[in-house]
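A structural walkthrough
Chain by chain, the residues:
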Amino acid sequence: MSAVQSLEEFRRQVAAWMAEHLTGRFAELKHRGHAGDGDALPDLRREWEQELAAGRWTCPGWPQEYGCRGLSVAEQVVFQEEYARAGGPGRLGHIGEGLVGPTLIAFGTEEQKKRFLPGIREGREFWAQGYSEPDAGSDLGNIKTRARLDPETGDWIVTGQKVWTSLAHLSDWIFVLARCEEGSVGPKGLIFLLMPLKQPGIEIHPIRQIGGGAEFNSVFFDGARASADCVVGQPGDGWKIAMTLLSFERGISTLGQQLGFTQELATIVEIARENGAAQNPAIRARLARAWAGLRAMRYMAIRSLEGGTSAEEELERLGYKYHWSNWHRDLGKLGMDVMGFDGVIINDDHRREQLRQMFFFTRSDTVYGGTNEIQLNIIAERGLGMPKEPRGKA
Amino acid sequence: MSAVQSLEEFRRQVAAWMAEHLTGRFAELKHRGHAGDGDALPDLRREWEQELAAGRWTCPGWPQEYGCRGLSVAEQVVFQEEYARAGGPGRLGHIGEGLVGPTLIAFGTEEQKKRFLPGIREGREFWAQGYSEPDAGSDLGNIKTRARLDPETGDWIVTGQKVWTSLAHLSDWIFVLARCEEGSVGPKGLIFLLMPLKQPGIEIHPIRQIGGGAEFNSVFFDGARASADCVVGQPGDGWKIAMTLLSFERGISTLGQQLGFTQELATIVEIARENGAAQNPAIRARLARAWAGLRAMRYMAIRSLEGGTSAEEELERLGYKYHWSNWHRDLGKLGMDVMGFDGVIINDDHRREQLRQMFFFTRSDTVYGGTNEIQLNIIAERGLGMPKEPRGKA
Amino acid sequence: MDLNFSEDQRSLRDEVRRLLNDQASSAAMREAAEKNGGFDASLWDMAAAELGFCATNVPEAFDGLGLGAMELALLLEECGRRLACIPAWSTIAVGTPLIVSLGSEGAKSRLLPEIAAGSYRIAVALPIDNPQVAVRAQQSADGYVLDGAVSLVADLPSATLVLVPARFEDGKLGLFAVAPDDGLKIGSVQTIDLTRPFGALKFEGVRVGADARLDDAGFSEEALAQALLPGRLGLAAEQIGAAQGCLDLTLEYISGRVQFGRTIASFQAIKHRCAAMVVDLAEARSLLYGAAANLNIGASEIEMEIDALGVLAADVLWKVAEESIQLHGGVGNTWEYDPHFYFRKAQATAFMMGSSDERLARIAAQVIDGAAA
Amino acid sequence: MDLNFSEDQRSLRDEVRRLLNDQASSAAMREAAEKNGGFDASLWDMAAAELGFCATNVPEAFDGLGLGAMELALLLEECGRRLACIPAWSTIAVGTPLIVSLGSEGAKSRLLPEIAAGSYRIAVALPIDNPQVAVRAQQSADGYVLDGAVSLVADLPSATLVLVPARFEDGKLGLFAVAPDDGLKIGSVQTIDLTRPFGALKFEGVRVGADARLDDAGFSEEALAQALLPGRLGLAAEQIGAAQGCLDLTLEYISGRVQFGRTIASFQAIKHRCAAMVVDLAEARSLLYGAAANLNIGASEIEMEIDALGVLAADVLWKVAEESIQLHGGVGNTWEYDPHFYFRKAQATAFMMGSSDERLARIAAQVIDGAAA
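Remember, predicted model here, so these are calculated numbers, not experimental data.

Here is what the cut-offs are and how they apply
- Residues numbered from 1 in each chain as written.
- Chains lettered and ligands numbered in written order.
- Predicted model: local features only at pLDDT ≥ 70, side-chain atom pairs only at ≥ 80, totals over all residues.
- Heavy atoms only, no water.
- Helix = DSSP H or I, 4+ residues; strand = E, 2+ residues; numbered from the N terminus.
- Rg over C-alpha atoms; globule rule 2.2 N^0.38 Å.
- Buried < 20%, exposed > 50% of the residue type's maximum accessible area, 1.4 Å probe, protein only.
- Contact = heavy atoms within 4.5 Å.
- Areas by Shrake-Rupley, 256 points an atom, 1.4 Å probe, with all protein chains shown as cover.
- Lys, Arg positive; Asp, Glu negative; His and termini not counted.
- Charge placed at Lys NZ, Arg CZ, Asp CG, Glu CD.
- UniProt positions renumbered as here; feature names shortened; annotations may be inferred.
- Domains from an automatic or database assignment.
- Buried area = accessible area lost by both parts, 1.4 Å probe.
- Salt bridge = Lys/Arg side-chain N within 4 Å of Asp/Glu carboxyl O.
- Polar contact = N/O pair within 3.5 Å; in protein donor to acceptor, adjacent residues only side chain to side chain.
- Nonpolar A, V, L, I, M, F, W, Y, C, P; charged D, E, K, R; others polar.
- Phe/Tyr/Trp six-rings, centres within 6.5 Å; stacked < 30°, edge-to-face > 60°.
- Lys NZ or Arg CZ within 6 Å of the ring centre and 35° of its normal.
- Disulfide = S-S within 2.5 Å.

1. Some details on the overall build of chain C
- Secondary structure assignment for chain C yields 12 helices and nine strands.
- Against the 2.2 N^0.38 benchmark of 21 Å for 373 residues, chain C shows a C-alpha radius of gyration of 21 Å, consistent with a compact globule.
- Summarising its shape, the C-alpha atoms of chain C cover approximately 80 × 50 × 35 Å along the three principal directions.
- Per-residue burial for chain C yields a buried fraction of 67% across its 373 residues.
- Long-range contacts, defined here as pairs at least 24 residues apart, represent 75% of the contacts in chain C between residues at least 6 apart.
- Accessible surface, chain C as shown: approximately 12,100 Å² in total, 47% of it carbon and sulfur.
- Put simply, chain C has 30 plus and 50 minus side-chain charges, and the middle of one group is 6 Å from the middle of the other.

Shown next as structure tokens:
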């Protein structure tokens, strides 16, 4: 009971902070910078990261020894929810806070922690991720980017291409999974490197997405360097580290994400009420089904975060990404269908433009971070123990 | 124009014959003996086959040289439609007329034709099929039933088990696909035999279906015999003959089948009107969608029968079985959903019982004659040229 | 909100699962379904008397375990998984909560301890397709007279206690407890679901004593609807459990069945379909536990959640049962294999206590026209 | 009923296909879509002038080819397949049939030979989302005055002739032909479909001469609806063609793309999804040809069939476009690859000339409440 009360107190505290700070010049940031709108207002959002840092709201789940709040899972959920409810903008610091920091805390040297964690916590240094490659999309074992040790300097010299690096053009650093053992294949012989983005030998090209935006990039490496102290773990450990890092992705931010979904559904309902689509029984049923799926998603996420370890609970956890991404993709379509031809017309009505962007952007929900097909493979093979797909020889 | 007029004249002729003959003691047969009700009234249906034969309506598409009408495809379609419209019962002679006869006409010796075609045409001899085996369902290449040549008599001695032989207990003969070369695998080394069912060494056991009926059987062979002159083609040709025969299955009867579908849909609509389900917008939309699918199916069948040979038309033909069987299975569910809990209660209301039986029986539509999964493989591999599924080694 | 199970909850579930794995085998289920009208008396005795099923949600004050909706859900999931032919749902999920919610203190003290002890199999005389009170009650000199008919009562054939919500002339409702031999006319009803018997009930001026009335002073339709929520949750739990059981047996079959020299389970198209079912099950099950937790605390959107749960649970059981028959191939269409028992339950339960179309319409009314969104 | 193509029909289709394969390449489509507002003028000139597209369904008496709905369908399927940026649908499927059906002999003799010769690009001033006549006509001393607005006119930006159905005060309808520079106010409309331009049209007391009126003595809503049937058929043909084109490019991509050492096309789950799309396409296409044959002879259930066709065609294009992006993986979400152009068309066409929900409702009204079943 008192735990619940203090959570409620904490919720009020977050809400109050947001109300006080997401205002004035930051008011413009409300609801901006999310998926499909990721490259909006970068300068102001950098400042916002520092505002958050000043309030000690960056990295709130990191342990206190790193100068952070060390919030419990339940508190982090509350923070994410209130952040989303207040319309807090998309986080430029997301990769650093959610992926790089936890990885360094788990695998980094003391020196690396000292070097990198403060920049992330203080909202000063921003990170991009370097996983996917043109030929290693779903098949991350097929990484071709090469890292070669320069015997003179001890640096690793990197050549290759990474794609789908979100916001690389706004970031300072990138982590890179590369092949450090000539001739190795699959998960063997990979290295996990931290590299400054602003250096000769790195070029960043925007990838234009189907909705028109360009918040992702291709990053080309041509003799770019990572110094010896920027290897995480040992050369050859890259796969293990990358897999651990990927597991951080299905983290707590998902409940904040769901609040965003709730707002999107509310917008769709609002428009349906206004334009008469709410009179259409087929639309009504689809809206109701969307509500049901969202409610189930909430409980799936809570169960997932609570970390039960029975086989059933593991299976549920494996299914979570497939569930939310397909639900969201369907919501994108539902929003458009509610608007009818009106939704197809490009105009500057804010809500309609938001739904249109969601329509396009949710197409990538079922691709990034493991396609639908990979998710289903994983559930079948790892979760149900069904036979593995044979790997080809090509 | 005159072709159309004569078709209409022919239609009237068929309708008149049916009206005149499916009456009196045969009236009881109306709408009986179809899928799910296949073992109804066998004696009377035998007599009905002879009635049809007397009117020269058995085997109407066989060439005139075999004493038949040699109808054109268009005429056969009309016959099937009018037969179905009049409520003509399920045909005991179906396998003989639709599969065995055409196979013998294509591959049989003169002697075989003389021996078997008249019995089929005259509605005297009935046939069962012996393809599937417990371990060779979708995988017909895995046939294990063995045929061994008896050097003394020249007979082939057959041992093994066939399943899903429709109405074997009401039939006189069975055709059997068996392995005649010891150690052969897959499509090689198979023989196509004609065997009398009433002989020592053959036992017939009914298979009880999920709807409760038992119109299929398992047939056990234990040293049963086929005489040398009952081999179709050469020993080793079995696969080629069986594949040709299977292609006869997607024949003209499909348009008669569609008339049955039309009547089923009409029954569902009728009940929906009566019980108020027709007020439910979701049910309305599903009924409309069923109508659309049925109409499309009709044109698919017509295009298929017209035999265009372009790649697109071949593809369409490959998709036909998948289409109708899934449409019909969905109709089975729709019928139940229209009835609601009322449909779940077993009573003797004829229409409700018909829909309930359809609900169960349509589950097999997507399994027999090539499962959904096999159909999709065939479309992808043969139709689209996608890579073949590798065969395992077990 | 805590949706992970406590140690107690886990051990409750494991115990029930163990019992049913042993005693509600496929053979036992078939014996009951095909020969004993869908009722397995010895299983019931074991579950009720030995394992104390019926005490689950009877308050501790009345000698029960005083557990909540989560435990109810776990228990009925397990029953659904094995298609257990016992009136667990009618007795524990529907009957008991009616008495707990609507009964007077006197009635509760009289009946609940006996119920907790497993002495009754309860059937509730509400039409199963869409609960509306059709029986009329009238006060008489020495009690009440009941009139009316309820054509579809689940688990009536094996019931030893019939609960009858009835309407007085003034519109108020009362709850009566009647023994099946109290002059009721019981007709037989056969449905396609062979694992849950049904009966028809007729009251033709049935006279019952004053103590047959369980409530104090009448209650509203709304109160009755509230008291039925555990029943709706329990039905969904049973559906979800059945879906799990059906998926399990399908996975087992396709892991053994070889075609083209490979197990069916090794075909990717099959794997993906199974994985998608796992996700649907996870979705429905999460909502089940979430709704159970909310039912315990009487959260505000609980009725919407239970409607949503009804939709997801019916959908997933249907989907899994349909796929089970398909993935079993030829033998899936035979009586000898079990998928059709699940398939039958899928269709029958889809229209118990309302339909999914109605549930979606109610949710839509709230989401679109009401306050929630 | 003969649904197989004649030699003439096959060669017509092949000729169109050849032209568009050459001239409406992905690069050409992108050039038109991204830089020229969705109109490829040189492609139009080739198609209209050299290949005689526009003569297709002009009667022979007016120097046309006098072909029917089947040829119209073939032609628009090919346009859809390549996302050809030309106003073929507006001109040939909508505009020409309006004049053929509703025009007076005089108007036909005047306009149709020129149309057949490819001299006009036609836009029809009916709101594209749900055709209803919103323009008002009044007789004046020397002609007519038109008033009103149509906010969504397909292919208006490139049109050289605008057909305007307008309503007289007595309720009757008339059909007017106006040149875009005849004092119309044309506003620009941008939609997500980059391969079909739209415009908004305003008539503010626009005066036109007596010969601008094409019909003899007015016509009914019903007659207008009948005259629009080829347009609805043609839109479905375009959708089906687009679905085929999108499936083709998807198959090509997945046959080349290697992951886990295998082409994506070798994964059975992918194969089955592609095969299912083939079946959906076959279903929609068969209905297209069946409806085309029936439209030619004015069969009794033609409106139901065209509604059904609209549902199937919109569904299959959506399904294929959705799967195309998914099966392209990461690059399917980039501007550089073509799937999104089909995806855009899928969503935009789904709400042109009504929605599938409306179509299903109309069919249901016939099947359930009407005579048909």
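On we go.
2. Some thoughts on the UniProt feature "domain: Acyl-CoA oxidase/dehydrogenase middle" (unreviewed entry) in chain A
- The sites that carry the UniProt feature "domain: Acyl-CoA oxidase/dehydrogenase middle" (unreviewed entry) are, in the present numbering, residues 128-221 of chain A.
- Between the first and last C-alpha atoms of residues 128-221 of chain A the distance is 14 Å; the span itself is 0% helix and 47% strand.

3. Observations regarding the domain arrangement of chain C
All names here are of chain C.
- We note that the domain assignment places domain 1 (7-121), domain 2 (123-218) and domain 3 (228-372) within chain C.
- Each of domain 2 and domain 3 has a C-alpha centre, and the two are 31 Å apart.
- With 11 residues of domain 2 in contact, the opposing surface of domain 3 contributes 15 residues.
- For the pair domain 2 and domain 3, the summed buried area comes to about 1,100 Å², and 63% of that belongs to carbon and sulfur atoms.
- Three residues, I192, L194 and R196, lead the burial of domain 2 against domain 3; their summed loss comes to 42% of the area buried on that side.
- Between D193 and K345 there is a salt bridge, with the nearest N and O atoms lying 3.3 Å from each other.

4. Examining the pattern of salt bridges
- This structure, assessed with the given rule, holds 128 salt bridges over all chains.
- In this structure, D:E323 engages D:R273 in a salt bridge whose closest nitrogen and oxygen atoms are separated by 2.8 Å. In this pair, D:E323 is assigned in helix α10 (residues 302-328) and D:R273 in helix α9 (residues 268-297), connecting sequence segments 50 residues apart.
- Using a relative accessible area of 22% as the deciding quantity, one classes D:R273 as partly exposed.
- Bridged by salt links that share partners, the residues A:E312, C:R13, C:D14, C:R17, C:E78, C:R81 and C:D248 form one connected network.

5. Structural notes on unusual backbone geometry
- A positive phi angle is found at A:L167, which is not glycine, with a value near 55 degrees.
- Locating A:L167 in the fold gives a position in the loop between β3 (156-166) and β4 (173-179).

6. Focus: the interface of chain A and chain C
- Taken together, the contacts link 41 residues of chain A with 47 residues of chain C.
- A combined buried area of about 3,800 Å² lies between chain A and chain C, and 64% of that area is made up of carbon and sulfur atoms.
- Ranking the residues of chain A by area buried against chain C places A:W291, A:Y299 and A:R303 at the top, with a combined share of 18%.
- Across the contact surface, chain A and chain C share 10 salt bridges.
- Between A:E312 and C:R17 there is a salt bridge, and its shortest N-O distance comes to 3.3 Å.
- Sorting the residues of the side of chain A that touches chain C by element identifies α7 (253-275), α8 (281-306), α9 (311-339) and α12 (372-383) of chain A as the ones contributing at least two each.
- In terms of residue count, the dominant contributor to the side of chain A that touches chain C is α8(A) (15 residues).

7. Description of the domain arrangement of chain A
Residues and elements named next belong to chain A.
- With domains assigned, chain A is organised as domain 1 (3-92), domain 2 (127-237) and domain 3 (250-383).
- Between the C-alpha centres of domain 1 and domain 2 there is a distance of 30 Å.
- Interface area for domain 1 against domain 2, summed over the two sides, is near 570 Å², with a carbon-plus-sulfur share of 51%.
- When residues of domain 1 are sorted by the area they lose upon contact with domain 2, D39, R46 and L92 head the list and together hold 61% of the total.
- Along the contact surface separating domain 1 from domain 2 lie zero salt bridges.
- Remark: the boundary between domain 1 and domain 2 carries three residue pairs in polar contact (both at pLDDT 80 or more).
- Residues belonging to the side of domain 1 that touches domain 2 are distributed by class as follows: three nonpolar, three polar and four charged.

8. Topic: the packing of aromatic side chains
- The tally for this structure, following the rule as stated, stands at 60 aromatic pairs over all chains.
- A ring pair is formed by B:F175 and B:F192, whose centres lie 5.2 Å apart and whose planes are at 15 degrees; its orientation type is stacked. Of this pair, B:F175 sits in strand β4 (residues 173-179) while B:F192 sits in strand β5 (residues 190-196), and the two are 17 residues apart along the sequence.
- Taking the relative accessible area as the measure of exposure, B:F192 reaches 2% and is therefore buried.
- The positively charged end of A:K333 is found above the aromatic ring belonging to D:W318, 3.9 Å away from the centroid.

9. Notes on the environment of C:E358
All names here are of chain C.
- If you trace the backbone, E358 turns up in helix α12 (residues 356-369).
- Residue classification places E358 among the partly exposed positions, given a relative accessible area of 33%.
- Spatially, the C-alpha atoms of E358 and D211 are 37 Å apart, while their sequence positions differ by 147 residues.
- A polar contact is formed between the side chain of E358 and the backbone nitrogen of S355, at a distance of 3.0 Å.

10. Digging into the state of the cysteines
- Scanning the entire structure with this criterion turns up zero disulfides over all chains.
- For the unlinked cysteine B:C59, the closest cysteine sulfur is that of B:C68, found at 4.9 Å.
- Left without a disulfide partner, D:C246 is nearest to the cysteine sulfur of D:C274, which lies 11 Å away.
- On the basis of relative accessibility, which here comes to 0%, the residue D:C246 falls in the buried class.

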